[in-house]
Amino acid sequence: MRRTYKYKVKLKQNAKQKAEEQLGLACSLYKACIEQRRTAWQRCGESVSGIDQKNELPELKKDEDFSDYKKIGSQVLQDVIERTDMAYQHFFRRVRQGETPGYPRYKSWNRYQSITFKQAGWKYLHGGRLKLQGIGVIKFFESRELPEGSQVKTVTLKRDSCGDWFICFSLDNVQVKPLPKTGKQISLDLGLKKFFTDDKGKNLDNPRFLKKNERNLKLEQRKLSKKKSRGQLNKDGVPSEGKNREKQRVKVAKLHRKIARCREDFHFKTAHYLVSNYDQIVIEDLNIQGMIDQGGLNKSIYDVGWGQFVEILLFKAEEAGKEVIQVDPKNTTQMCSNCRSLPEIKKTLRDRTHLCKDCGFTLDRDHNAALNILVKGIPKQELEEVKYEGGKRPLARD
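Residues numbered from 1 in each chain as written. Predicted model: local features only at pLDDT ≥ 70, side-chain atom pairs only at ≥ 80, totals over all residues. Heavy atoms only, no water.

S.K.: So what's going on with the overall build of the protein chain? Which residues, and what values?
M.R.: Helices and strands together make up the secondary structure of the protein chain, namely 10 helices and 16 strands. Counting only C-alpha atoms and orienting by the principal axes, one finds that the protein chain spans roughly 85 × 60 × 50 Å. Per-residue burial over the protein chain gives 41% buried out of 398 residues. Looking at the protein chain alone, contacts between residues at least 24 apart form 64% of all its contacts between residues at least 6 apart. Each charge class in the protein chain was averaged separately, 80 positive and 52 negative side chains, and the resulting centres sit 6 Å apart. (Helix = DSSP H or I, 4+ residues; strand = E, 2+ residues; numbered from the N terminus. Buried < 20%, exposed > 50% of the residue type's maximum accessible area, 1.4 Å probe, protein only. Contact = heavy atoms within 4.5 Å. Lys, Arg positive; Asp, Glu negative; His and termini not counted. Charge placed at Lys NZ, Arg CZ, Asp CG, Glu CD.)

Right, dumping it as structure tokens:
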């Protein structure tokens with residue numbers, strides 16, 4: 001199994017300067033690769049492949065104007081070209097699918113944020129230390145040991161938008177221990193008011209991390225908008241150095257990072273609880289992008305983070321030996337879970353109670369949807385009865 005272990009890095013000033021220099025050179029090479037491909041196509045109608053660009057690297061290092069690239073390992077430079085090639089592959093794939101993608105573009109120095117070492121250029125030292133070619137020995141906070149028997153495929157040094165540094169080990173052949181079976185199933189109706197409601201009628205509150213921090217975020221963003229960028233003239237007509245703006249930008253970035261980390265932690269803990277207590281988890285296969293395109297609830301959808309939660313749940317279930325079943329969400333909210341009939345007038349978002357006019361069955365809207373999701377995801381012969389607020393009742397059969 002492939003896994004990535006991420007650790008925070010404590011860089012000394014000398015090592016930090018060398019790392020930033022390598023990031024800058026990698027960014028320049030990325031831009032040069034895009035420029036070469038674009039120019040070759042516009043002038044000669046020829047396409048330049050990634051292999052062609054890799055073959056030119058030895059000659060590039062011999063050139064006196066590019067002597068700084070000798071400080072960087074060859075595999076690090078090859079990885080930069082591979083990223084460029086991947087950007088073009090994704091571009092042409094989307095064109096073939098009839099989409100309108102943007103052409104691969106340059107990256108500024110603060111957006112090219114990582115360099116990758118493969119088989120060579122790095123050496124793992126005991127005590128949370130790592131030796132990187134051209135940078136030296138760096139120390140990282142080894143909060144957990146790398147699993148025994150695993151194989152390190154790549155080592156990536158990364159700088160985030162707040163200026164902090166991290167090291168990521170991409171491991172192969174990671175041995176995981178499946179969790180014991182419980183013999184239980186659960187279905188989840190994901191929502192905005194409640195994070196989810198299950199088929200037993202229980203629900204989990206939506207923490208709304210963005211909404212809780214929105215006031216502070218607005219205040220810091222207003223301060224950032226008033227700061228002068230580097231080179232911009234101030235009131236006295238003197239070009240600003242932009243140091244205060246950079247400090248304020250980091251404050252805003254750290255606040256965004258705090259919100260993202262809180263949301264991610266909540267998703268991990270929720271997914272761990274589900275895979276620890278249930279063998280089969282049935283959820284809706286939501287078209288999140290389509291819901292965002294409709295407008296109206298965009299901020300709330302981004303805040304709840306359904307896509308990230310489902311992604312975490314899938315790989316946690318794979319690791320634990322459990323099963324996640326994704327079903328078509330069509331009519332799960334409208335259909336009656338008791339008689340399986342569809343109403344003539346569809347429920348709106350304001351209708352929070354399900355009332356069936358055919359059989360008179362009344363239930364909470366989300367609980368009713370969770371029962372329908374359960375029947376869709378698990379074969380009926382495996383489901384004999386489910387619990388709800390009124391006790392036990394057999395599921396209706398079509």
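Having seen the structure, we can now continue with the description.
S.K.: Lay out the packing of aromatic side chains with the relevant residues and their values.
M.R.: Any aromatic ring pair is given by two values, namely how distant the centres are and how the planes are angled relative to each other. Under the counting rule described, the total for this entry stands at 16 aromatic pairs. Ring geometry for Tyr-88 and Phe-92: centres 6.3 Å apart, planes at 35 degrees, overall tilted. Here Tyr-88 and its partner Phe-92 are both found in helix H4 (residues 74-96), four residues apart, which amounts to about one turn of the helix. Residue Phe-92 is classed as partly exposed on the basis of its relative accessible area, which comes to 43%. With a centroid separation of 5.2 Å and an interplanar angle of 65 degrees, the aromatic rings of Phe-91 and Phe-92 are classed as edge-to-face. Above the plane of the ring of Phe-166 lies Lys-6, whose end atom (NZ or CZ) is 4.6 Å from the centre. Taking the ring centre of Tyr-5 as reference, the NZ or CZ of Arg-144 above it sits at 3.9 Å. (Phe/Tyr/Trp six-rings, centres within 6.5 Å; stacked < 30°, edge-to-face > 60°. Lys NZ or Arg CZ within 6 Å of the ring centre and 35° of its normal.)

S.K.: Which residues make up the side chain of Thr-84, and what are the values?
M.R.: Among the structural elements, Thr-84 can be located in helix H4. Taking relative accessible area as the criterion, Thr-84 reaches 0% and is therefore assigned buried. Each residue touching Thr-84, except ones within four places of it in the same chain, is listed here: Tyr-30, Cys-33, Ile-34 and Arg-37.

S.K.: Before we move on, can you summarise the sheet that holds strand S8 (residues 185-190) with the specific residues and values?
M.R.: Whenever strands of a sheet pair, they do so through backbone hydrogen bonds, lying parallel or antiparallel. Ordered by their spatial adjacency, five strands build an open sheet running S10-S9-S8-S11-S12, and the pairing between neighbours is mixed. Lying at the two open borders of the sheet, with one neighbouring strand each, are strand S10 (203-205) and strand S12 (323-327). Here the strands of the sheet are splayed against their neighbours by 25 degrees on average, with no regard to which way each runs. In this sheet, S12 lies alongside strand S11 (residues 280-284) in parallel orientation, the contact comprising five bridges. (Pairing = 2+ DSSP bridges. Axes fitted to C-alpha atoms, helices over the stretch in contact; angles between N-to-C directions.)

S.K.: Please provide a residue-by-residue account of a positive patch on the surface, values included.
M.R.: Taken together, the side chains of Lys-6, Lys-8, Lys-10, Lys-158, Lys-254 and Arg-261 make up a positively charged region of the molecular surface. Counting residues per element, the ones that place at least two in the positive patch are strand S1 (3-10) and helix H6 (243-277). Along the chain, Lys-10 falls in strand S1. (Patch = residues over 30% accessible without salt bridge, like charges linked within 9 Å, V, L, I, M, F, W, Y side chains within 5 Å. Areas by Shrake-Rupley, 256 points an atom, 1.4 Å probe, with all protein chains shown as cover. Salt bridge = Lys/Arg side-chain N within 4 Å of Asp/Glu carboxyl O.)

S.K.: Talk me through the side chain of Asp-279; I want residue IDs and the actual numbers.
M.R.: With respect to the secondary-structure elements, Asp-279 resides in the loop between H6 and S11. At 3.0 Å, the side chain of Asp-279 and the backbone nitrogen of Thr-182 are in polar contact. There is a polar contact of 2.6 Å between the side chain of Asp-279 and the backbone nitrogen of Gly-183. (Polar contact = N/O pair within 3.5 Å; in protein donor to acceptor, adjacent residues only side chain to side chain.)

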